[in-house]
Each structure stands twice: as structure tokens, then as C-alpha cells.
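Listed below are the residues making up each chain.
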Amino acid sequence: MDSGIKDTVHAVEAAAVMRLLPAARPRVLALGEPTHGEDTLLDLRNELFQQLVEQEGYRSIAIESDCLMGLAVDDHVTSGTATLDEVMERGFSHGFGASAANRELVRWMRAYNDGRPASERLRFAGFDGPLEITGAASPRQALTALHGYLAAWVDADLLPCTVATLDRLLGADDRWTNPDTMMDPSQSVGRSAEARELRLLADELVALLDAQTPHLIAATSHDDWDRARLYGRTATGLLRYHFCMADTSPSRMTGLLGVRDSMMAANLLAIAERGPALVYAHNAHLQRDKSRMRMGGLPVEWWSAGAIVSAHLGEGYAFLAMALGTIRHHGVHTPPPDTIEGLLYALPEDSYVVDTRRLAAALGDTRPAPRVSPWFGYSALDPAHLAGIDGLVFVKDSPRS
């Protein structure tokens, strides 16, 4: 079996990746990570993205970061606005701006774009909602930005409300961002009379944006209109998320996780309209199989963004999962030899991409054991998901960044 496994691995290069995929140059090439914060994985992602740009014509990268904050990064790499320090500070959520590898990605994209025509420039996007594990942002930024765009370009009598009405209904932002809401639904304003009215107004604003599409693209630009669509998706998604935050039923957490990944999926489908994009996020957000976890002792299941996008795009979506051998600084040591990670760890290379179909054939009827990670931050590869993965990127060791 070992010799058969050796025949399934290749260097992590764009050409080798493309040979594994069912369709040439998928519109969304998803690269999943099994843990956050490891620059070893991000460096490999950067190298692969550069090759996809130079060899395969990819022009966008999207990462698991706040979609509104990411606009500052996109403005920087396309137009040079703000400094690198400033965009690393305010262009990323989840602490991702502190990563040296993310900084290098932004620096390289800006250098690549310098002097190129707009049609050839690389684009950056965050595709997560403005959400953290402790709560969600106020819908103010997205709602007022959408209203402001429409107010500048359509007749005032078509608008469903004034910005003053939005401001009155929104109230203080700390009502929306209260961290106690995550554990106590009664603290949420998501089902208040004001929130319900805001949901109706957000829907009307998005409908107006859609109805005025020909005029708006002609009067502004496709990019400006597309950004307004992002504001609309984010406003309606945040209001839906806050509505779920106020839910007291046992399905509350399933609803929250489902709304978050639905928001991610909608952003990815919009990004794919620009052309082929590399997407980088946790495996759990990109896998085709149903996502599962336990929260508060209860099992929770929901469809990931990747599963949703795959259902929409078919072969236009491809998924490469990543797995790690060791993260010794987090207590993740040499994987057991009867796991997939253990079988791959026995090979001599530091990193490679694995043909999962040939790997499954080499394993035959032998089903590897699931690896149990001693650290909650590393999600081991589920052998049952192998059939839904187009390729597996394996990295032997991740030293401390």
C-alpha cells in the first residue's frame, strides 16, 4: 500500500493541481485549511496563488475575513490607497492582519498591479460576514452605505426611507454588538419592532438596487454597483443573523451557522462572476459534505458555503482540503500511522498535493482511522469526506510562526 500511496502525490504546483480537477480552471478553486494562524500554510497558499495568476489567469483571491473590511485591502491593491500598514490594521478581521504571510500577499498583489490596466489587476476580497464568534456587527455601515449609493443616483421619491429613519431605527450600535447576546438570546435586539422594520426597508433598498441596475451601472460603474450589491447582501444577512440571535429554540445555533455560511456563499458566487478566484478558508466552510460540530453538548449540522456554491456551480467549484502532520507548539505531534495523516507523514517530502481518487483506490477496502486532535484548534481530516475532495494538500510540519 505504501508504494501505491507514493504514486498519488505531486509537488504543490498550479499545473499539478489543475490536472486533478474535473474541469479546467474552475471559477472557484477552494483551498481549505485545518487550522487558523499557521503562516506555513499561508506561505504555501501565496505561492500557489502566484502560480495561478501567472500560469492559469486567476485574478482574484478571497479569504475568510470580514467582507466590508476587505474593501480597504482591495482599494489598496488596485489603486494604492492608504499604506500597507494601514490596510493590515483595518482591512482584516479575526486577527488575520497580524500575519506576516497575509502582509506579503497584499504587498505582492499591490506590486503586481502597479502600472497594469484595470482589466488585468488582481482583486482581493474578504467573503465572511462582519461576524465574530462573540457576536455580530451592527447593520449600520452596510445599510447606510447602500442607502447613500442609491440616494446619490436615483430619484428621491423611489427611496423607501430617509437616512434619518435608518439612524433612528438602528439606535446605538452597542445594542447590536453586545457580546452577552451570544449566550443570552433575550439580550438581542434582532426581533424588536425596529429590527423588523429595518428588515423590510433593507429588502426594499435591495429591490430598488436590482430594479435600477441598467441606470446605476451606466451612471456609476460596474464596480460601484457591485460594491452596492455587497452592502445589500451584508445588510440583509446581518439583520437575518441578529433575528436568529434572538431565537430561544433548540435550533438557534443551527440557524446562526447556516446564516453565516449562506452569507459566505452569496459573496463567493458574486466574486466568481468576476472570473476564476482562489478562495482560502477553513475546511469546514469549504467542504462539500455537511458540516457537523457539538456546541453546548448538542450536535449541530449545517451546509457549508462550499457545499452551497458547489451545488450552484457544479464542476465550476473545486475543493482542495489541507491536512497537517504536526503543530508541535500546540501539542499536535506525529500522527498515528493508521490515519490518513499518518500514512502521508511517512513519505519523505515536506509538502505535496495528493490525488484523492488514486489514494482511495490505493487504500482499497482499508478505511483509515479518524485522527483525534489533542488541540481543539486543529480539525483532523475526516476519512469519510475523501470522496468529496478533489485533491488533498498535505504539509508535514508547521513550526511556530
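In what follows, the structure referred to is the one given above.
Report follows, based on the coordinates.

Rules used in this analysis
Residues numbered from 1 in each chain as written. Predicted model: local features only at pLDDT ≥ 70, side-chain atom pairs only at ≥ 80, totals over all residues. Heavy atoms only, no water. Helix = DSSP H or I, 4+ residues; strand = E, 2+ residues; numbered from the N terminus. 1 Å grid on protein atoms, 1.4 Å probe; cavity = no way out; pocket = protein on both sides within 12 Å on 5 of 7 lines; lining within 4 Å. Points joined across faces, edges and corners; volume = space filled by probe spheres on them. Nonpolar A, V, L, I, M, F, W, Y, C, P; charged D, E, K, R; others polar. Phe/Tyr/Trp six-rings, centres within 6.5 Å; stacked < 30°, edge-to-face > 60°. Lys NZ or Arg CZ within 6 Å of the ring centre and 35° of its normal. Buried < 20%, exposed > 50% of the residue type's maximum accessible area, 1.4 Å probe, protein only. Lys, Arg positive; Asp, Glu negative; His and termini not counted. Salt bridge = Lys/Arg side-chain N within 4 Å of Asp/Glu carboxyl O. Pairing = 2+ DSSP bridges. Contact = heavy atoms within 4.5 Å. Axes fitted to C-alpha atoms, helices over the stretch in contact; angles between N-to-C directions. Core = buried A, V, L, I, M, F, W, Y, C linked by side-chain atoms within 4.5 Å. Expected span 1.5 Å × (residues − 1). Polar contact = N/O pair within 3.5 Å; in protein donor to acceptor, adjacent residues only side chain to side chain. Disulfide = S-S within 2.5 Å.

### Some thoughts on unusual backbone geometry
Negative phi values dominate among residues other than glycine, just as trans dominates among peptide bonds.
Thinking step 1. Phi is positive for Arg 25, which is not a glycine, with a value near 45°.
Thinking step 2. Within the secondary structure, Arg 25 is located in the loop between α2 (14-20) and β2 (28-33).
Thinking step 3. Positive phi, normally seen in glycine, also occurs at Ala 82, with a value near 65°.

### Overview of the layout of surface pockets
Thinking step 1. The calculated volume of the largest pocket comes to roughly 1400 Å³.
Thinking step 2. Along the wall of the largest pocket there are 40 residues; nearest its centre are His 282, Ala 284, Arg 292, Met 293 and Ser 379.
Thinking step 3. Elements with a contribution of two residues or more to the lining of the largest pocket: β5 (131-132), α13 (252-272), α14 (283-286), β8 (291-295) and β10 (317-326).
Thinking step 4. Partitioning the lining of the largest pocket into residue classes produces 21 nonpolar, 12 polar and 7 charged.

### Re the packing of aromatic side chains
Thinking step 1. Throughout the structure, instances matching the rule amount to 5 aromatic pairs.
Thinking step 2. For the pair Trp 108 and Tyr 112, a centre-to-centre distance of 5.4 Å together with 35° between the ring planes defines the contact as tilted. Here Trp 108 pairs with Tyr 112, and both are found in helix α6 (residues 100-113), just 4 residues apart, close to one helical turn.
Thinking step 3. Through a chain of ring-to-ring contacts, the aromatic side chains of Phe 49, Trp 108 and Tyr 112 assemble into a single cluster.
Thinking step 4. Above the face of the Tyr 112 ring, Arg 116 is positioned so that its terminal group lies 3.7 Å from the ring centre.
Thinking step 5. Its guanidinium or amino end placed over the ring of Tyr 345, Lys 396 lies 5.2 Å from that ring's centre, counting from NZ or CZ.

### Overview of the side chain of Asp 247
Thinking step 1. Mapped onto the secondary structure, Asp 247 falls in the loop between α12 (222-245) and α13.
Thinking step 2. Despite being buried, Asp 247 has no salt bridge partner; Arg 191 is the closest side chain of opposite charge, sitting 4.0 Å away.

### Some details on the sheet that holds strand β7 (residues 277-282)
Thinking step 1. Taken together, the 8 strands give an open sheet; going across it, the order is β1-β11-β12-β10-β2-β7-β3-β4, and neighbouring strands pair in mixed fashion. Edge positions in the sheet fall to β1 (9-10) and β4 (123-128), since each of these pairs with one other strand and no more.
Thinking step 2. Across the sheet, helix α4 (residues 70-79) is in contact with β3 (60-66) and β4; its angle to β4 comes to roughly 170°.

### Focus: the pattern of salt bridges
Thinking step 1. Applying the stated criterion to the full structure yields 17 salt bridges.
Thinking step 2. Measuring nitrogen to oxygen at the nearest pair gives 2.6 Å for the salt bridge that ties Asp 85 to Arg 103. Residue Asp 85 is found in helix α5 (residues 84-90), and its partner Arg 103 is found in helix α6; the two are separated by 18 residues along the sequence.
Thinking step 3. Assessed through its relative accessible area of 33%, Arg 103 is described here as partly exposed.

### What to know about the nonpolar core
Thinking step 1. With 83 residues, the main nonpolar core has Leu 29, Phe 49, Met 109, Phe 124, Phe 127 and Leu 344 as its most contacted residues.
Thinking step 2. No other element matches the 8 residues that β10 contributes to this core.
Thinking step 3. Ignoring sequence-local partners within four residues, the contact set of Met 109 consists of Phe 49, Ile 61, Val 77, Leu 122, Arg 123 and Phe 124.

### Digging into α6
Thinking step 1. Across its 14 residues, α6 extends 20 Å between first and last C-alpha, which sits within 8% of the 20 Å expected from 1.5 Å per residue.
Thinking step 2. Contact partners of the buried residues in α6: α3 (39-56), β3, α4, α5 and β4.
Thinking step 3. Taking the backbone nitrogen of Ala 101 as reference, a side-chain oxygen 3.2 Å away marks Ser 99 as the first, capping residue of α6.
Thinking step 4. Following α6 by one or two positions, Gly 115 adopts a phi angle in the positive range, close to 85°.

### Looking at the environment of Ile 217
Thinking step 1. Within the secondary structure, Ile 217 is located in helix α11 (residues 213-219).
Thinking step 2. The sequence separation of Ile 217 and Asn 178 amounts to 39 residues, and the corresponding C-alpha distance is 38 Å.
Thinking step 3. Beyond its immediate chain neighbours, meaning those up to four positions away, Ile 217 contacts His 222 and Trp 225.

### Let's talk about the pairing of β7
Thinking step 1. The buried fraction of β7 is high, at 6 of 6 residues.
Thinking step 2. Pairing of β2 with β7 involves 6 bridges; the strand directions are parallel. Among the inter-strand pairings, Leu 29 is bridged to a residue of β7, identified as Leu 278.
Thinking step 3. Here 4 bridges tie β3 to β7, and the two strands are oriented parallel to one another. Among the inter-strand pairings, Ile 61 is bridged to a residue of β7, identified as Leu 278.

### Comments concerning the state of the cysteines
Thinking step 1. Across all of its chains, the model carries 0 disulfides by this definition.
Thinking step 2. Left unpaired, Cys 244 is separated from the closest cysteine sulfur, that of Cys 67, by 17 Å.

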